[in-house]
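Chain residues, written in single-letter form:
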Amino acid sequence: HFRPWFVAITLQQQAIQLAGYQPSFGIDHYFINLAKERQLTINYLETTEQQLAYLAGLGAVEDDFLDATLQQINKVNDELPALIKAWGTGDRNKIQALLDDESTSQELQQYLEQHLIKERNQQWLPQIMAQTAHSNFMVVGAMHLYGDNGLLKMLEQNGYKLTNIPAR
């Protein structure tokens, strides 16, 4: 009785948990909890409802989304540790290569790139740029950072100079 996109997300989360990763240890949860402990204000770039609306809007490519997810969950044990390692070292090219999914249909790839990445990033950019540089911290998914429609490129195009900070 569930829509294919909902089944896909549920299966993806289960596969990640079976691989030994727990949502409570995710970076977003870590920083939300840290902000709450320090009684800092938390603002969001979009609501949960807005996020789900993009998935609910998959339309004709909804079955493709489920098919691609079923193919991807078999790779979680190999690709997720590689993605985490690349993220930890700031390896933009490796992250982009891991996020580019060749198992998706061209139609699904176009939808994801246009709506889940580009459109959302364009909506977020004014909010991000309106922040004062020294008093804010933001967390977004890795898919939103890289590529031609990534936030990093958009920020650079708007005059920001970006620098990776090495791990201590």
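One structure accompanies this document, and this report is about it.

Let us look at the overall build of the protein chain. In terms of regular secondary structure, the protein chain is built from 8 helices and 0 strands. Put simply, the protein chain runs from its N terminus to its C terminus through helices and strands in the order α-α-α-α-α-α-α-α. Taking 15 Å as the expected radius of gyration for a compact globule of 168 residues, we find that the protein chain reaches 17 Å, a close match to that expectation. Counting only C-alpha atoms and orienting by the principal axes, one finds that the protein chain spans roughly 45 × 35 × 30 Å. Within the span of the protein chain, comprising 168 residues, buried residues form 23% of the whole. Contacts spanning at least 24 positions in sequence make up 75% of the contacts within the protein chain whose residues lie at least 6 apart.

Once that is clear, we can look at the packing of helix α5 (residues 76–89) against helix α6 (residues 92–99). Interaxial distance between α5 and α6 falls to 8 Å at its minimum, and their mutual angle equals 155°. Accordingly, the angle class assigned to the pair α5 and α6 is roughly antiparallel. In this structure, α5 crosses over α6, and the sense of that crossing is left-handed. Across from Glu79, Ala82, Leu83, Ala86 and Trp87 in α5, the residues of α6 making contact are Lys94, Ile95, Leu98 and Leu99. Among the residues making up the contact of α5 with α6, the classes are represented as 7 nonpolar, no polar and 2 charged.

As a further point, take the side chain of Asn121. Within the secondary structure layout, Asn121 lies in helix α7 (residues 106–129). Residues contacting Asn121, with those up to four places away along its chain left out, are His144, Asn149, Gly150, Leu151 and Met154.

Attention shifts here to the side chain of His144. Mapped onto the fold, His144 is located in the loop between α7 and α8 (151–157). Judged by relative accessible area, which is 7%, His144 ranks as buried. Look past the residues within four positions of His144 in its chain and what remains in contact with it is Leu116, Ile117, Arg120, Asn121, Trp124, Gly150 and Leu151.

What follows concerns a nonpolar patch on the surface. A surface patch of nonpolar side chains, amounting to about 410 Å² of accessible area, comprises Ile27, Trp87, Phe137 and Val139. The topology assignment puts Ile27 in helix α2 (residues 27–37). Judged by its relative accessible area of 37%, Ile27 falls in the partly exposed class.

A few words now on the environment of Tyr21. Considering the arrangement of structural elements, one finds Tyr21 in the loop between α1 (4–18) and α2. Placed 70 residues apart in sequence, Tyr21 and Asp91 show a C-alpha to C-alpha distance of 21 Å. Contacts of Tyr21, omitting those with residues within four sequence positions, involve Ile16, Leu80, Pro81 and Ile84.

Tallied over the full model, the rule gives 4 aromatic pairs. Seen in terms of ring centroids, Tyr30 and Phe31 are 4.9 Å apart; in terms of plane orientation they differ by 80°. Their pairing is edge-to-face. Overall, Phe31 belongs to the partly exposed group, its relative accessible area being 24%. Among the aromatic side chains, those forming a connected cluster through ring pairs are Phe2, Trp5 and Phe6.

Okay, the pattern of salt bridges next. Following the criterion strictly, the structure yields 4 salt bridges and no others. With a closest N to O distance of 3.9 Å, Arg92 and Glu156 form a salt bridge. Residue Arg92 is located in helix α6, and its partner Glu156 is located in helix α8; the two are separated by 64 residues in the primary sequence. Residue Arg92 is classed as partly exposed on the basis of its relative accessible area, which comes to 28%.

Parameters at a glance
The residue numbers shown here count from 1 along each chain, following its written sequence. In view of the model being predicted, local features appear only for residues whose pLDDT reaches at least 70, and side-chain atom pairs are presented and counted only at 80 or more, with totals across whole chains, interfaces and linings using the full set of residues. The side-chain values count all of the structure's non-hydrogen atoms but skip hydrogen atoms and water molecules. Helix and strand assignments follow DSSP, with helices taken as H or I runs no shorter than four residues and strands as E runs no shorter than two, numbered in order from the N terminus. Restricting the calculation to C-alpha atoms gives the radius of gyration, and the globule rule supplies 2.2 Å times the number of residues raised to the power 0.38. Exposed residues in this analysis have more than 50% of their type's maximum accessible area, buried residues have under 20%, and partly exposed residues fall in between, with area computed by a 1.4 Å probe over protein chains only. The contact criterion used throughout is that any non-hydrogen atoms of two residues lie within 4.5 Å. Angles here are taken between N-to-C directions and fall from 0 to 180 degrees, while the axes themselves are lines fitted to C-alpha atoms, restricted in helices to the stretch in contact. Should an angle lie under 35 degrees it is considered roughly parallel, over 145 roughly antiparallel, and from 65 to 115 roughly perpendicular; all remaining angles are considered oblique. Helix crossings fall into two classes, left-handed where the near helix is turned counterclockwise from the far one by less than a right angle and right-handed where it is turned clockwise. Only Asp, Glu, Lys and Arg are considered charged in this grouping, and only Ala, Val, Leu, Ile, Met, Phe, Trp, Tyr, Cys and Pro are considered nonpolar; every other residue, Gly among them, is considered polar. Note on patches: the residues involved have over 30% relative accessible area and no salt bridge, like charges join within 9 Å, and the nonpolar side chains Val, Leu, Ile, Met, Phe, Trp and Tyr join within 5 Å. Only the protein chains shown count as cover for residues, with accessible areas throughout obtained via the Shrake-Rupley method and a probe of 1.4 Å. Whenever Lys or Arg places a side-chain nitrogen within 4 Å of a carboxyl oxygen from Asp or Glu, that contact is recorded as a salt bridge. Centres within 6.5 Å make a pair out of two Phe, Tyr or Trp rings, where for Trp the six-membered ring is used; the pair is then stacked when the planes are under 30 degrees apart, edge-to-face when over 60, and tilted otherwise.

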